[in-house]
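Structure assessment
Take a look at the letters that make up each chain.
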Amino acid sequence: MNSEKSKCEELKEKLLIKKKNGTLKMSEQDVTNADEFCEPYKEFLNKAKTEREFIKRTIELAKEKGFEEYNCENKYKPGDKIYYINRGKSLVLTVIGRKGCKDGIKMAAAHVDSPRIDIKPRPLYESNDLAFLKTHYYGGIKKYQWTTIPLALHGKVIKKDGTNLNVVLGESEDEPCFCITDLLPHLAKEQMNKTMLKGFTGEDLNILIGSRPFRSDEGSELVKLNIMKILNEKYGIIESDFLSAELEMVPAFKSRDIGFDKSMIGAYGHDDKVCAYTAVMAILDCESPEQTVMTILADKEEIGSDGNTGMKSAFFRYFIADIANQEGIKGRHVLTKSKCLSADVNAAFDPTYATVYEPMNSCYINNGVVITKYTGSGGKYDTSDASAEFMFEIRRMLEDANIVWQTGELGKVDGGGGGTVAKFIANLNVDVVDLGVPVLSMHAPFEIVSKSDVYMAYKTFRKFFES
Ligand code: MN
Ligand code: MN
């Protein structure tokens, strides 16, 4: 009986996936390192809430590490570190490898845009003595989550005279912030009977920005006029300047530790700044890789990667062609041999909403980086399905490096779906798989990740670049 039992244990040990709490799989040192690694990440998040801010801050850090702006006239040699900015909203950090790019490039591609509330081109109006801004939400949001929370205004305005104005208002406590109102429960009988989709419409997401009129006995829209007067005094803008602007409302709160054990971080924009940050840190710490390595920070992922700063833009292909050309080879030959970790988050299993997940193939907080073989929806539509060969390569790399990892799928089959930049890079004939950090409350104004998982993502990108 005893020997049979031990035989059973032996077979289990040999054949089955071991179940163990992710934190217990990590060394105590790794957990300590994770806590330390995440302090500057939290700070970074507070200062980089939009794609432009993320790119700007990344360039500052890259310069400190010896990166120089790319110039297509220059000739680059192994060990050179360059950054290529596309319109201030996407960026490629590159370290030229000892063997260059002839055997392909190793890339980590993340996106730096997050769901938010954009201001319309003609936003300002007054209604019943209150002033508002009309908005158009950006990305997949549950609208009700964005009401009755403090919002900060971020963005850029090009004024009538051509001067550039960068705006950040509402982040510090001595500044005003903004808000979308909601109905009191007492009068919400009709609203509460609507589906969550219809309880709030896109046109209901109006931002409250003021209530005091300009002092005058004559005239209409005096609250609006007073707001415009304040804006003109502070920024020198006039109403038509909203047209040449990209203004975004984002949650005004700061990133915070979550839990008595401080094991998690709550913040706006983990999707996908958590993977962007870790992929940036990995390349900044990468000194002399064998193959050329790149961290790609893309914009517009949340709305389908379209546009000239999104991952579908030719900017990326052109840049690869230029880098290849330096070595006298063709960009397409480099891409064909290249490998990419599409660095994006996945939905962490949430016990409160367990029914939408398939527990065996979901990812879990604290269980390390999550490899997602495919995303998409329905019968694997709209995704790149990573090959067995590439999955093996990544799995072997993670196992060899003692990195804690797990697999993930985005919820139950036919339960919904989503995508990443993976398929757009795969379409260039690159080997790609999604790998990133599990997130709770994804796309909410306040998302949650685990510190250990953040650190495991950093370790993975570093290992990928250096192996
Ligand atoms: Mn994402
Ligand atoms: Mn997303």
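These numbers come from a predicted model, not from an experiment. (Residues numbered from 1 in each chain as written. Chains lettered and ligands numbered in written order. Predicted model: local features only at pLDDT ≥ 70, side-chain atom pairs only at ≥ 80, totals over all residues. Heavy atoms only, no water.)

1. Here we look at the domain arrangement of the protein chain
Structurally, the protein chain comprises domain 1 (19–114 + 268–466) and domain 2 (116–251). Taking only C-alpha atoms, the centre of domain 1 and the centre of domain 2 are 33 Å apart. Contacts between domain 1 and domain 2 engage 17 residues on the former and 16 residues on the latter. Here domain 1 packs against domain 2, burying approximately 1,400 Å² in sum over the two surfaces, 48% of which is carbon and sulfur. (Domains from an automatic or database assignment. Contact = heavy atoms within 4.5 Å. Buried area = accessible area lost by both parts, 1.4 Å probe.)

2. Side note on the sheet that holds strand β4 (residues 106–111)
Overall, mixed pairing links the 9 strands, which are arranged β1-β2-β3-β14-β4-β15-β21-β17-β19 in an open sheet. The open sheet has two edge strands, β1 (68–69) and β19 (405–407), and neither has a second partner. Across 3 bridges, strand β17 (residues 369–372) lies against strand β21 (residues 431–436) in antiparallel orientation. When the bridges of β21 are listed, V370 appears paired with G436. Contacting β2 (81–86), β3 (90–95) and β14 (293–298), helix α4 (residues 51–64) crosses the sheet at an angle of about 20° to β3. Docked against the sheet, helix α8 (residues 270–284) engages β2, β3, β4, β14, β15 (339–343) and β21, running at close to 150° with respect to β4. (Pairing = 2+ DSSP bridges. Helix = DSSP H or I, 4+ residues; strand = E, 2+ residues; numbered from the N terminus. Axes fitted to C-alpha atoms, helices over the stretch in contact; angles between N-to-C directions.)

3. So, the coordination of the manganese ion (ligand 1)
Each donor-metal-donor angle would ideally measure 109.5 degrees in four-coordinate tetrahedral geometry, or 90 or 180 degrees in six-coordinate octahedral geometry. Around the manganese ion (ligand 1), the protein supplies H111 (NE2), D271 (OD), D344 (OD) and D344 (OD) as donor atoms, at distances of 2.1 to 2.6 Å. Donor residues binding the manganese ion (ligand 1) come from one chain and are separated in sequence as H-x159-D-x72-D. Between the manganese ion (ligand 1) and the manganese ion (ligand 2), the interatomic distance is 3.4 Å, and D271 donates to each metal, bridging them. Of this pair, H111 sits in strand β4 while D271 sits in helix α8, and the two are 160 residues apart along the sequence. Given a relative accessible area of 3%, D271 falls into the buried group. (Donors = N, O, S within 2.8 Å, 3.2 Å for Na, K, Ca; no water. Buried < 20%, exposed > 50% of the residue type's maximum accessible area, 1.4 Å probe, protein only.)

4. Here we look at the nonpolar core
Counting 63 residues, the largest nonpolar core has F54, L93, L284, L297, I394 and F461 as its most contacted members. Sorting elements by how many residues they give to this core places α8 first, with 10 residues. Residue contacts for F461: discarding those within four places in its chain leaves A108, C275, T278, A279, A282, L341, A343 and L435. Counting 31 residues, the second-largest nonpolar core is a separate cluster that includes L169, I180, M228 and Y268. (Core = buried A, V, L, I, M, F, W, Y, C linked by side-chain atoms within 4.5 Å.)

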